[in-house]
Amino acid sequence: MCGIVGYAGARPALDIVVDGLRRLEYRGYDSAGVAIVCDDELLTEKKAGKLANLEKTLAERAGGGTADPGAGPLGIAAGSTGIGHTRWATHGGPTDRNAHPHRSVDGRVAVIHNGIIENFAKLRAELEDGGIEFGSDTDTECVAHLLAAELDRMRADGQPAGPPLLAAAMRAVCRRLEGAFTLLAVDAALPGVVVGARRNSPLVVGRGTGENFLASDVSAFIEHTREAVELGQDQVVLITADEVSITDFDGAPAAGKDFHIDWDASAAEKGGYDWFMLKEIAEQPQAIADTLLGRLTDSGEIMLDEVRLTDQDLRDVDKVFIVACGTAYHSGLVAKYAIEHWTRIPCEVELASEFRYRDPVLDRSTLIVVISQSGETMDTLMALRHAKEQKARVLAICNTNGSTIPRESDAVLYTHGGPEVAVASTKAFLTQLVACYLIGLHLAQVRGIKYADEVAAVVAQLQEMPDKLRTLLTAMEPVRQLAQDLRSAPTVLFIGRHVGYPVALEGALKLKELAYMHAEGFAAGELKHGPIALIEQGTPVVCVVPSPAGRGMLHDKIVSNIQEVRARGARTIVIAEEGDRAVLPYADHLIAVPRTPTLLAPLVTTIPLQVLAAEISAARGYDVDQPRNLAKSVTVE
Ligand code: M6R
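Residues numbered from 1 in each chain as written. Predicted model: local features only at pLDDT ≥ 70, side-chain atom pairs only at ≥ 80, totals over all residues. Heavy atoms only, no water.

Participant: Explain the domain arrangement of the protein to me, please; I cannot follow it from the model alone.
Facilitator: A common way to report how large an interface is uses the accessible area buried once the components associate. For the protein, the assigned domains are domain 1 (3-272), domain 2 (280-463) and domain 3 (471-619). Relative to domain 2, the C-alpha centre of domain 1 lies at a distance of 34 Å. Taken together, the contacts link 14 residues of domain 1 with twelve residues of domain 2. Both faces considered, domain 1 and domain 2 share a buried interface measuring about 1,100 Å² in area, 54% of it formed by carbon and sulfur atoms. By the criterion of area lost to domain 2, the three top residues of domain 1 are Tyr26, Asn200 and Trp263, representing 38% of everything that side buries. In this structure, the connection of domain 1 to domain 2 is made through one salt bridge. Residues glutamate 230 and arginine 407 are paired through a salt bridge, measuring 2.7 Å at the closest nitrogen-oxygen approach. (Domains from an automatic or database assignment. Contact = heavy atoms within 4.5 Å. Buried area = accessible area lost by both parts, 1.4 Å probe. Salt bridge = Lys/Arg side-chain N within 4 Å of Asp/Glu carboxyl O.)

Participant: How should helix H18 (residues 602-619) be read in this particular structure?
Facilitator: Side chains that are three or four residues apart share a direction in an α-helix, a result of its 3.6 residues per turn. For H18, built from 18 residues, the straight-helix expectation of 26 Å at 1.5 Å per residue is met to within 8% by its first-to-last C-alpha distance of 26 Å. Most of H18 is tucked away: 17 of the 18 residues are buried. Of the residues trailing H18, glycine 621 is marked for its positive phi of about 85 degrees. (Helix = DSSP H or I, 4+ residues; strand = E, 2+ residues; numbered from the N terminus. Expected span 1.5 Å × (residues − 1). Buried < 20%, exposed > 50% of the residue type's maximum accessible area, 1.4 Å probe, protein only.)

Participant: Could you clarify how one ought to interpret the environment of glycine 232 in this entry?
Facilitator: Mapped onto the fold, glycine 232 is located in the loop between strand E11 (227-230) and strand E12 (235-239). Remark: the alpha-carbon pair of glycine 232 and aspartate 248, spanning 16 residues in sequence, is separated by 8.7 Å.

Participant: What exactly am I supposed to notice about the site of the ligand here?
Facilitator: Near the ligand lie 13 residues; those nearest to it are Ser372, Gln373, Ser374, Thr377 and Glu513. Interatomic distance of 2.6 Å between a backbone N/O atom of glutamine 373 and an oxygen atom of the ligand. For the ligand, whose accessible area on its own is 410 Å², the fraction buried by protein is 90%. Of all the secondary-structure elements, those providing two or more residues to the shell around the ligand are helix H9 (326-343) and helix H16 (500-515). No other element matches H9, which puts three residues into the shell around the ligand. (Near = heavy atom within 4 Å. Polar contact = N/O pair within 3.5 Å; in protein donor to acceptor, adjacent residues only side chain to side chain. Areas by Shrake-Rupley, 256 points an atom, 1.4 Å probe, with all protein chains shown as cover.)

Participant: How should I be thinking about the pairing of strand E16 (residues 319-324) in this particular structure?
Facilitator: Regular strands show a simple pattern: their side chains alternate between the two faces of the sheet. Along E16, five of the six residues are buried, which leaves the element largely enclosed by surrounding structure. Pairing analysis gives five bridges linking E16 to strand E18 (residues 366-372), with the strands arranged parallel. For valine 320, the partnering residue across the bridge sits in E18 and is leucine 367. Inspection of the sheet shows E16 paired to strand E17 (residues 347-351) by five bridges, in the parallel sense. Its bridge partner being in E17, valine 320 is matched across the sheet by cysteine 347. Note on the crossover from E16 through H9 to E17: the handedness is right-handed. (Pairing = 2+ DSSP bridges. Right-handed = clockwise from strand over helix to strand, strands pointing away.)

Participant: How do you make sense of the sheet that holds strand E21 (residues 491-496) when you look at a structure like this?
Facilitator: Sheet strands line up and pair through hydrogen bonds in the backbone, either parallel or antiparallel. The sheet built from five strands is open, its strands ordered E22-E21-E23-E24-E25 with parallel pairing. In the strand order of this sheet, the two ends are held by strand E22 (518-523) and strand E25 (589-593), each with one partner. Between one strand axis and the next, the sheet turns by 15 degrees as a mean value, whatever way the strands run. Summarising the sheet, E21 and strand E23 (residues 540-544) pair through four bridges and their orientation is parallel. If you follow leucine 493 over to E23, its bridge partner there is valine 541. Along the sheet, helix H15 (residues 477-486) makes contact with E23, strand E24 (571-577) and E25, crossing E24 at roughly 160 degrees. Taken strand by strand, H18 contacts E21, E23, E24 and E25, and its axis lies near 135 degrees from that of E25. (Axes fitted to C-alpha atoms, helices over the stretch in contact; angles between N-to-C directions.)

Participant: How should I be thinking about the pairing of strand E9 (residues 204-207) in this particular structure?
Facilitator: Pairing of E9 with strand E10 (residues 212-215), which is carried by four bridges, proceeds in the antiparallel orientation. Looking across to E10, one finds that arginine 207 is bridged to asparagine 212. The hairpin turn running from E9 into E10, its antiparallel successor, is four residues long, and glycine 210 in that turn takes a positive phi close to 70 degrees. The pairing of E9 with E11 spans three bridges and is antiparallel. Bridging from a neighbouring strand, glycine 206 pairs with alanine 228 of E11.

Participant: Would you explain the packing of helix H1 (residues 13-24) against helix H2 (residues 51-62) in this entry?
Facilitator: Remark: H1 packs on H2, axes separated minimally by 10 Å, with the N-to-C direction vectors making an angle of 160 degrees. Judged by the inter-axis angle, H1 sits roughly antiparallel to H2. Both H1 and H2 take part in a crossing whose hand is left-handed. Every residue of H2 that contacts H1 at Leu14, Val18, Leu21 and Arg22 is listed here: Leu51, Glu55 and Leu58. (Parallel < 35°, antiparallel > 145°, perpendicular 65-115°, else oblique. Left-handed = near helix turned anticlockwise from the far one by under 90°.)

Participant: Could you clarify how one ought to interpret H1 in this entry?
Facilitator: With twelve residues, H1 extends 16 Å from end C-alpha to end C-alpha; this agrees with the ideal 16 Å at 1.5 Å per step. Counting buried residues in H1 gives nine out of twelve residues, a clear majority hidden from the surface. Looking only at H1, the buried set comprises Ala13, Leu14, Ile16, Val17, Val18, Gly20, Leu21, Arg23 and Leu24. For H1, the elements touching its buried residues are strand E1 (3-8), strand E2 (31-38), H2, strand E4 (81-87) and E10.

Participant: What exactly am I supposed to notice about the sheet that holds E16 here?
Facilitator: Read across the open sheet, the six strands follow the order E15-E20-E19-E18-E16-E17; overall the sheet is mixed. Unpaired on one side and paired on the other, strand E15 (306-307) and E17 mark the two borders of the sheet. Along the sheet, helix H11 (residues 378-389) makes contact with E16, E18 and strand E19 (393-398), crossing E18 at roughly 165 degrees. Where helix H13 (residues 427-446) meets the sheet, its contacts fall on E16, E18, E19 and strand E20 (411-414), and the angle it forms with E19 comes to roughly 145 degrees.

Participant: Just to check I follow, could you spell out unusual backbone geometry for this structure?
Facilitator: A negative phi holds for most residues other than glycine; trans holds for most peptide bonds. The omega torsion of the bond from histidine 100 to proline 101 falls at 5 degrees, within 30 degrees of zero and hence cis. Within the secondary structure layout, proline 101 lies in the loop between E4 and strand E5 (102-103). Its identity as a non-glycine residue notwithstanding, asparagine 200 has a phi of 60 degrees, on the positive side. One non-glycine residue, aspartate 359, lies in the positive phi region at around 55 degrees.

Participant: I keep staring at the pattern of salt bridges and nothing clicks. Help me out?
Facilitator: Once the charged atoms of two side chains with opposite charge are near each other, the side chains can pair. The final tally for this structure, using the stated rule, is 34 salt bridges. Ionic pairing is found between arginine 199 and aspartate 234, a salt bridge with its closest N-O pair at 2.8 Å. Highlighted residues: arginine 199 in strand E8 (residues 194-199) and aspartate 234 in the loop between E11 and E12, separated in sequence by 35 residues. According to the relative accessible area criterion, arginine 199 is buried, its value standing at 19%. Counted as one network, the salt bridges with shared partners bring together Asp19, Arg22 and Glu55.

This is how it looks when you write it as structure tokens:
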């Protein structure tokens, strides 16, 4: 939702913090701001809109372009302690006054925040009753005032001045907060110190030499250090240039989880592509290969990453629910076909935002598979917690090591897709599919439904996919041309059957979120029950066709559906296996994909739809990586 960076060291903090924010801007881009401690002054700057607006203001400030009474004797660029924030608005609109950091009334404390403080109305009323005038509509501002009051109280009580004071004050404030938060704070009276806290929202520490970092995710500091510490739930961390100290909210010493970041730093940059999304589409063959890496033991068994479930637990499973949001939900819809086919266990797929509210019937023999790229999606996290309260077992598929969802699950299979920066999910989707296939095979094997050699045969088919995808990605020029043709279409429909149906849903979602066009995905057989009335002369209909080598009936049925829409004037864009001659007479545009086993076909048929949406978005002049109203990680319900 929001991106957070903190720095304590010897170098100018402003550059480091702004660079970090640039890498975190995918988390929200409604406004950006920084607070830098320089000598014993606290200097802030914040601006509505993208980070570029803040950078422009900072450049003017550096060049003396604005007369800023708060510029300080050395200027904001000189301080070596700082925090920065890029916002996705929740409380209060995306304006300058609501941008973070928020300062205490005396201006000496600054706070940035990701999450929602659920009891903020009560806290605000209490502070206002005490005479405090608020300068924003945010929940965050309460924390700045509470923290300043706590520091005053502690100083008045004679507590020793020094870095631990800010951590102690933060702990006292956190104990009063309800909801989800990552908080960072600095105090003008304590130069060289940044304090952070987390509950239900991510925060990692980067350990440097003579400098330390805090951030929502490691991409913010990957160019400075690869040694990181993941903070646990309800912990407070204090960093200075030479120290990282962690406690729980009651002040007891605590430890985070140390890890080494092995991502390539260039993975977090655009690598020559116009948009991160195009780079991430191109990275999909490697992402799939990496996700498959080392999954088979010598005896042919599939390995998960973190397993706190026994084989007997998995043998006892009598129902699977897959729970996720958006694109991750679509990967679950594909998984249902594979899991039921391979394991014969009933499998339902649920939108996480609906799951707990309908009070599903769950018990110890229910397996919940939660899928999340970020591992922080609040809808999915809440569904997971609900499932655990009902004693169900939870297995997570996640791309973000150490994030909340895998940490709270009983078992984890990480997709090794690397950082996905574009808001629109691409490589996360394909790697989630691979992870789902592996889980389906693992279940089938543990339950004795598939032999090791049968599992190995499917894994071998999966291992062929990166090469197939590489070939397909070199043949996307016709899709780019088609995007130019379709850029002004008022509506685009997508149809598919079997695993092609979720692919149709995913194609439509991509077009909606990136090109702001009306797009709908349908099960092809459902068209005749209503949606076919939408078709007018020239309406583009993208048809996802299964392999003719698979279930023939399935293939024949969709060829009939293509004829039906064409007979009503549709312009058909047919995605079919190379050599599929049956579709040729009915395809106004044909996009051929490599031959692939039926259940694995979404790995290839999705790619042209991703490219189509990105290219239409670019052709319409939109920001492909950061579509309006969206954020990469949605940490509110
Ligand atoms: O991080 P998650 O996988 O939990 O995110 C779930 C959805 O918010 C996400 O897939 C969203 O639908 C994408 N922006 C779609 O491209």
